[in-house]
Structures are given as C-alpha cells and as structure tokens.
Amino acid sequence: FNAEAHSHDYNKNLFRIEKNLTLNTPANNSCDNCYEVFALPFASPYAGDRTIVEHPADAIASPFGWHDLNGQEGAESTLTSGNNANAYEGNDNFGHQPDGGISLNFTGYPFDQEFSEDFQYEDASITNIFYWANILHDITYRYGFTEAAGNFQHNNYQNGGAPRDALILECQSTFRPCNASFSTQGDGIPPVLKVNLCGDKDGAFDATVIAHEWGHGLSD
C-alpha cells in the first residue's frame, strides 16, 4: 500500500481574481459530450477563463469515450464516471456526481473559486477534476502508460494488464486540509486520488495539484 499526502499552496493559483467572481453561465443545450472547465493548457482560474470543450477524449487512449464501460459505442454512464475515472464529492454530500444526461452535457454549473458551506459549487468542481483526470490518462497513454503498463482503466479492451481499476477521485474533502493524496495497491485495484479543501479554496480547480498527485500514481 502506498499513500502520499502533500501540502499544496492553493492560494498561489486560486487567489481572488476579479474577472472570476461567481459565474452563473447557462447550459449550452445544443452541446454534445461537453465539459465546462479550466481546459488545457489553463491549469487554474489564475491562468485563464473557464470554457466549454466538446468531445475531448483521445481516439487512441479512450476509443469509446470517457463514459464507456463495455468497449462498445455509446456511453454507459451519464455521470462523471467511466472507463478511466470516477469523480464525486467527498465531503458533506458524499458520493454526489453531476449528471450530464443522455447528451453528456456538463455545462452551465455555477462557479466560484472560493468555497463556502452555503455555496460549494460541487458540480463545477467535480466536472473539472473529472476532465483533468481523463486528460492526464489520455496524454500519459500516448507516452506509454497503457493498459499493459498498469494504467487506470475499468475495461482494458483486451490490451493486457489488470482491468477494473478506474481512478477514484474524491474532491472537496476535509480529511487533510490543504493537502492532496494518491493511494494505490497495484494493478487491478482502483487507486484513490483525494483533493482536499484549504480554507475557502478548492484544489479541484487547480490542475497542478491534480497532476502532481497523478504523478505519484504513475511512478508507483
């Protein structure tokens, strides 16, 4: 068993920026397979604006999309879960996941980079960490972190390695404030990445934290 926890300076990337005050954007109802996130290359609200990306899954790394489970066309999940990752709220609304519906439309969620008990912006937070976990899966796949190399996938599409180990993502956790962690027990057992709150900062909006912890899973 391996578990790593590290202190992260969320304030560096998630301090108050006037242009990113609370945003209540309408859902793009014509969008299909869409995520409203701080998309690559923008790691956080400090780097750029939240935008809508459509069909971001890599055709080689995720040939049936991010919401696949059975290796056939069509999504098996309309939630923030699928072949590479399963993202949910890990705090007072434990297990909550946004539902993108049949069109997988994860847009229009209210956002503010500052968390409070009254305004947690859960759906925006979970969508952002789900997006980044899948992006990291697809990028590292291209560089050799494939099924045979022990990557994190529920279905390995007959490409070797042990299946049923999609990455579990818990966000807005308070277990270790101002920390994040990655634990893994080997190929075939789902690893767990937790991104915790730091006061009023939510690390799920800081991709440097997510990527840092992902790196522990890659190296371990």
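Novice: I would appreciate a short explanation of the environment of Asp99 in the present structure.
Specialist: Tracing the backbone shows Asp99 in the loop between β4 (85–89) and β5 (105–106). Taking the C-alpha atoms as reference points, Asp99 and Asp123, separated by 24 residues in sequence, lie 8.8 Å from one another. Polar side-chain contacts of Asp99 include one of 2.8 Å to the backbone nitrogen of Gly101.

Novice: Any chance you could explain the packing of aromatic side chains here in plain terms?
Specialist: Each pair of aromatic rings is reported with the distance of its centres and the angle of its planes. This model, assessed by the stated rule, comprises 15 aromatic pairs. Between Trp66 and Phe130 the ring centres are 6.3 Å apart and the planes differ by 85°, which places this aromatic pair in the edge-to-face class. With Trp66 in the loop between β3 (51–54) and β4 and Phe130 in helix α2 (residues 122–142), this pair connects stretches of sequence that are 64 residues apart. Linked through ring pairs, Tyr35, Trp66, Phe106, Phe130, Tyr131 and Trp132 together constitute an aromatic cluster.

Novice: Where do I start with the state of the cysteines in this structure?
Specialist: Put plainly, two cysteines are in a disulfide when a covalent bond ties their sulfur atoms together. Using the criterion set out here, one finds two disulfides in the structure. For Cys31, the disulfide goes to Cys34, at an S-S distance of 1.7 Å. Looking down the S-S bond of the Cys31 and Cys34 bridge, the torsion is -85°, so its handedness is left-handed. Of the two residues, Cys31 and Cys34, neither departs from the other in class, the shared state being buried. Shown here is the disulfide that connects Cys178 with Cys198, its sulfur atoms set 2.0 Å apart. Note on the Cys178 and Cys198 pair: the S-S dihedral is about 80°, so by sign convention the disulfide is right-handed. Of this pair, Cys178 sits in the loop between β6 (167–173) and β7 (179–184) while Cys198 sits in strand β8 (residues 192–198), and the two are 20 residues apart along the sequence. Assessed through its relative accessible area of 23%, Cys178 is described here as partly exposed. Here the disulfide map of the protein reads 1-2, 3-4, the bonded cysteines being numbered as they appear in the sequence.

Novice: Just checking my understanding: could you explain a nonpolar patch on the surface for this structure?
Specialist: Residues Leu40, Ile139 and Tyr143 make up a contiguous nonpolar surface patch of roughly 370 Å² in combined accessible area. With respect to the secondary-structure elements, Tyr143 resides in the loop between α2 and β6.

Rules used in this analysis
- Numbering of residues begins from 1 in every chain and follows the order in which that chain's sequence is written.
- Predicted model: local features are reported for residues with pLDDT of at least 70 only, side-chain atom pairs are reported and counted for 80 or more only, and whole-chain, interface and lining totals are derived from all residues.
- Side-chain descriptors were evaluated using all non-hydrogen atoms of the structure, hydrogens and water having been removed beforehand.
- By the criteria applied, helices consist of DSSP H or I runs no shorter than four residues and strands consist of E runs no shorter than two, each listed in order from the N terminus.
- Think of a polar contact as two N or O atoms within 3.5 Å of one another; within protein, one of them needs to be a possible hydrogen donor and the other a possible acceptor, and neighboring residues in sequence only count if both atoms come from side chains.
- Side-chain rings of Phe, Tyr and Trp, where Trp is taken by its six-membered ring, are said to pair if the distance between their centres is within 6.5 Å; with planes under 30 degrees apart they count as stacked, over 60 as edge-to-face, and otherwise as tilted.
- Cysteine sulfur atoms that pair up within 2.5 Å are treated as a disulfide.
- For every residue, the accessible area obtained with a 1.4 Å probe (protein chains only) is divided by the maximum for its type, and the residue is called buried under 20%, exposed over 50%, and partly exposed between those limits.
- Each patch is built from residues lacking any salt bridge and having more than 30% relative accessible area; the joining distance is 9 Å for like charges and 5 Å for nonpolar side chains (Val, Leu, Ile, Met, Phe, Trp, Tyr).
- Areas reported as accessible are Shrake-Rupley estimates using a 1.4 Å probe. Residue values count occlusion only from the protein chains shown.
- The salt bridge definition used is simple: a Lys or Arg side-chain nitrogen within 4 Å of an Asp or Glu carboxyl oxygen.

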